[in-house]
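Listed below, chain by chain, are the residues.
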Amino acid sequence: MQRLSKSVKPDAETVGLQALAFLAADDRLLDRFLALTGMGPAELREGAQDPMVLGAVLDFLLADDSLVLAFAAASDLSPEAPGQARRALPGSTADGW
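These numbers come from a predicted model, not from an experiment. (Residues numbered from 1 in each chain as written. Predicted model: local features only at pLDDT ≥ 70, side-chain atom pairs only at ≥ 80, totals over all residues. Heavy atoms only, no water.)

## A word on the packing of helix α1 (residues 12-24) against helix α4 (residues 51-62)
How two helices sit against one another is set out by the angle between their axes and by the gap between those axes. Spelled out, the test is: Every angle, taken between N-to-C directions, lies between 0 and 180 degrees, and every axis is a line fitted to C-alpha atoms, over only the stretch in contact when it is a helix. For the purposes of this entry, the term helix denotes a DSSP run of H or I that reaches at least four residues, the term strand denotes a run of E that reaches at least two, and both are numbered from the N terminus. For classification purposes, an angle smaller than 35 degrees is called roughly parallel, one larger than 145 roughly antiparallel, one from 65 to 115 roughly perpendicular, and anything else oblique. Note: crossing handedness is left-handed where the near helix turns anticlockwise from the far helix by less than a right angle, and right-handed where it turns clockwise. The contact definition used throughout considers only heavy atoms, calling two residues in contact when any of these lie within 4.5 Å.
It is the contact of α1 with α4, at a shortest axis distance of 9 Å, that shows an interaxial angle of 60°. Taken as axis vectors, α1 and α4 run oblique relative to one another. Classified by chirality, the crossing of α4 by α1 is left-handed. Between α1 and α4, the contacting residues are E13, V15, G16, L17, A19, L20, F22 and L23 on the first element and P51, L54, V57, L58, F60 and L61 on the second.

This is the structure in structure tokens:
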């Protein structure tokens, strides 16, 4: 996966896709996400381009500060990028991020 410089601000859907890839790389995290959302693997694959699904991925990530920091480091993004992306996607109620 191509890394984006912290000085380059990727669009919200790109950050959401990066977050999805981050979760998919860890079976434990992916299983937890699927259990919490009720989605199955096929449904997640089908919804990978859906901004609402990407918002759910970011919501999951943002619920744990350590995950946010790990994702930001792994993706070469600022720790604020996931919250900024979440606010830009549909369904956001997270004014604090």
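## Looking at the packing of helix α2 (residues 27-37) against α4
Where we set the bar: Throughout this entry, Asp, Glu, Lys and Arg are counted as charged residues, while Ala, Val, Leu, Ile, Met, Phe, Trp, Tyr, Cys and Pro are counted as nonpolar. The remaining residues, Gly among them, count as polar.
Two elements in contact, α2 and α4, have axes whose closest approach is 11 Å; the angle formed by their N-to-C orientations is 115°. For the element pair α2 / α4, the angle class is roughly perpendicular. Classified by chirality, the crossing of α4 by α2 is right-handed. Packed against α2, whose contacting residues are L29, R32, F33 and L36, the element α4 presents A56, V57 and F60 at the interface. A class-by-class count of the residues in the contact of α2 with α4 yields six nonpolar, no polar and one charged.

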